Amino acid sequence: MSVSQHTIAGTVLTMPVVIRKADQHSAMFSVDAKAAQRLIDYSGLEIFEYLPGRAILLQLLVRYIDGDLGKYHEYGTAFMVNKPGTHTSGVRAMASAATLIHHLPVDQEFTLEAGRTIWGYPKIMADFNVREGRKFAFDVSADGQLITGIEFGRGLPHPAPGPQTLTTYSHLDGVTRETSSEMTTTGARTRLGGARIRLGDHPYAKELATLGLPKRALMTQSATNVEMSFGDARAL
């Protein structure tokens, strides 16, 4: 069986792409499902409703420290969605839902090209300002305009889940793609609420405002180390 390879900026990447060390902070927000669906209609996917009329918006910062794509920062805006052909809903079905990556700014050219070419991730170049202290916070800007700033409270430690198989979707150049990845985390922390978000003037921020942000997060999570591997994307 042949091994899939991709050449990005003169570097050959052999699949799966492996991330050996990263850390992650995420905030989960409850938003109107119809408003969220309007934002993602382009993808052909269906918003997952964890409660009637309510959807889950994710705001994530991942700092990639050691991996096949190099060292970089990544900010994600994502929605929980149903996998094609399914129409699940409710809190108990959240574990079976997938994630649509709606926006994905990064701060390095190599991962931008790889992400767009291999997986169809909607990556753009951005600038990041990360602050660590009593609270963890970051700002992300693109084209000289602030997208968002988020400050995280410290969550309570708990056992991390075992290895997870995740399904994510992306849409670029008129094509929706599905990617499976494996993820293992350590140093997990979670708390209810726990995030303060402010919006800037960038068009991405104006989209978030249509969902009712800034508002209180439902939940925040962090992990001191994340290991991942990504296979090839499959066009739907």
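Presented here is an overview of the structure given in this document. These numbers were taken from a predicted model, which means no experiment stands behind them.

Topic: the sheet that holds strand β12 (residues 145-152)
Stage number 1. Across the sheet, which stays open at both edges, the 4 strands sit in the order β10-β11-β12-β16 with antiparallel pairing between neighbours. Across the chains shown, the open sheet's two edge strands, defined by having one partner strand only, are β10 (127-131) and β16 (195-199). Strand-to-strand twist across the sheet, computed as the mean angle between neighbouring axes with direction ignored, equals 10°.
Stage number 2. Across 5 bridges, the pairing between β12 and β16 is antiparallel. From the neighbouring strand, E151 faces β16, where its bridge partner is R196.

Things to note about the pattern of salt bridges
Stage number 1. Tallied over the full model, the rule gives 9 salt bridges.
Stage number 2. One salt bridge in this structure joins R63 and D23, with 3.0 Å as the shortest N-O distance. Residue R63 is located in strand β6 (residues 54-67), and its partner D23 is located in strand β3 (residues 17-32); the two are separated by 40 residues in the primary sequence. The burial state of R63 is the same as that of D23; both residues are buried.
Stage number 3. Through salt bridges with shared partners, one network takes in R20, D66 and D68.

Some remarks on the packing of aromatic side chains
Stage number 1. Counted under the stated rule, the structure contains 6 aromatic pairs.
Stage number 2. Between the aromatic rings of Y64 and Y72, the centroid separation amounts to 4.3 Å while the plane-to-plane angle is 15°, which identifies the pairing as stacked. Y72 shares its class with Y64; the two are buried.
Stage number 3. Centroid distance F136 to F152: 6.2 Å. Interplanar angle 55°. Geometry classified as tilted. Of this pair, F136 sits in strand β11 (residues 136-142) while F152 is found in strand β12, placing the two residues 16 residues apart along the sequence. Side by side, F136 and F152 carry an identical accessibility label, which is buried.

Rules of the game
- Every chain is numbered independently, its residues counted from 1 as its sequence is written.
- Restriction of local features to residues with pLDDT of at least 70 applies here, the model being predicted, together with a cutoff of 80 or more for giving and counting side-chain atom pairs; totals for whole chains, interfaces and linings are based on all residues.
- Excluded from the side-chain calculation are hydrogens and water; included are all heavy atoms of the structure.
- At least two DSSP bridges between two strands are needed for those strands to be called paired.
- Secondary structure elements follow DSSP: runs of H or I of four or more residues count as helices, runs of E of two or more count as strands, with numbering from the N terminus.
- Note on geometry: axes are C-alpha line fits, over the in-contact stretch for helices, and angles between N-to-C directions span 0 to 180 degrees.
- Put simply, a salt bridge is a Lys or Arg side-chain nitrogen that is within 4 Å of an Asp or Glu carboxyl oxygen.
- Relative accessibility decides the category of a residue: with a 1.4 Å probe and only protein chains considered, values under 20% of the type maximum give buried, values over 50% give exposed, and everything between is partly exposed.
- Ring geometry is summarised as follows: Phe, Tyr and Trp rings, the Trp one being its six-membered ring, pair when their centres sit within 6.5 Å, and such pairs are stacked at plane angles under 30 degrees, edge-to-face over 60 and tilted between the two.

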